[in-house]
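Structure assessment
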Amino acid sequence: MGYISVRNAHKEFMKDGEPLTILEDINLDIEKGEFICLLGPSGSGKSTLLNAMAGFELVTSGSITIDGEEVKAPQLRYVTVFQNYGLLPWRTVESNIELGLESKKVPKEERPAIIDKYVKMVGLDHARNRYPAELSGGMQQRVSIARALAVDPDIIFMDEPLGALDALTRINLQDEISRICREEGKTVVFVTHDIEEAVVLADRVVVLAANPGRVQTIIPVNTDRLDFAADSFIFGTSAKDSRY
């Protein structure tokens, strides 16, 4: 059993009065410190699976455990970074990062040093007193990543956090996310529909098939990433993302 363990997970939604199967018989083990990408076409349930692991919704049947404990709701020991940044517009970069520390009830006198560490880590020392409206999309996502890291989570769930960014900013942030998460020893589950992104970031890529979502194959990519990229196109995973 892995650090994150998904066993026979099945998820249904009701649509027009009829059950619609989004995930079917998902089995997956993720080890502590791994960087896992969930990759698949529209209808493969990538975001649904991530939300279930993060505790935002429950599976219809089967189980999901983290460190042996069943996932029933979100917890402070694991955080989620979304595509829309989720920053509070009336708070500066520093105070947005502080938000998670407030939730975790970190003593006020300890917060400045933590904020300073992560502001510098994501390269925003020069912008620490700016508000979200004064930041580019890439800078806003850096703030959301710093906020996630500042609470020292065991796991970071990322739901297409770079999907709305321009190509150059996206490449730069891919490098930063990979470096930071590995330096910090974090377990990461990262949803993407971009094959190249998965190859760059992941230790293993979980390729999901669609309608209903199910695990098609799990591929280690830390040995020969170029061969993986070619194979992935054969699997048909280059389709546009679904919001399931």
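Since the model is a prediction, treat every value here as computed from it, not as a measurement.

This next bit is on the nonpolar core. If you look at the biggest cluster of nonpolar residues, it comprises 46 residues, and the most contacted ones within it are F35, C37, I97, I177, F190 and V205. Looking at this core element by element, the count peaks at 7 residues for helix α4 (residues 137-150). Those residues in contact with F35 that lie beyond four places of it in its chain are I177, C181, R182, V188, F190, L201, A202, D203 and R204. Formed by 27 residues, the second largest nonpolar core is a distinct cluster that contains A52, Y78, I155 and L208.

Here α4 crosses helix α5 (residues 167-183) at 15°, and the two axes come no closer than 11 Å. With respect to each other, α4 and α5 are oriented roughly parallel. The handedness of the crossing between α4 and α5 comes out as right-handed. Mapping the contact onto sequence places G138, Q141, R142, I145 and L149 in α4 and T169, N172, L173, E176, I177 and I180 in α5. Grouping the amino acids of the contact of α4 with α5 by side-chain chemistry returns 5 nonpolar, 4 polar and 2 charged.

This brings us to helix α2 (residues 93-103). If you check which residues of α2 are buried, you get V93, S95, N96, I97, G100 and L101. In this fold, the buried residues of α2 make contact with α3 (111-121) and α4. The first or second residue beyond α2 is K105, which carries a positive phi of 60°.

What counts, and at which threshold
- Residues numbered from 1 in each chain as written.
- Predicted model: local features only at pLDDT ≥ 70, side-chain atom pairs only at ≥ 80, totals over all residues.
- Heavy atoms only, no water.
- Core = buried A, V, L, I, M, F, W, Y, C linked by side-chain atoms within 4.5 Å.
- Buried < 20%, exposed > 50% of the residue type's maximum accessible area, 1.4 Å probe, protein only.
- Helix = DSSP H or I, 4+ residues; strand = E, 2+ residues; numbered from the N terminus.
- Contact = heavy atoms within 4.5 Å.
- Axes fitted to C-alpha atoms, helices over the stretch in contact; angles between N-to-C directions.
- Parallel < 35°, antiparallel > 145°, perpendicular 65-115°, else oblique.
- Left-handed = near helix turned anticlockwise from the far one by under 90°.
- Nonpolar A, V, L, I, M, F, W, Y, C, P; charged D, E, K, R; others polar.

The values are spatial; any link to function lies outside them.
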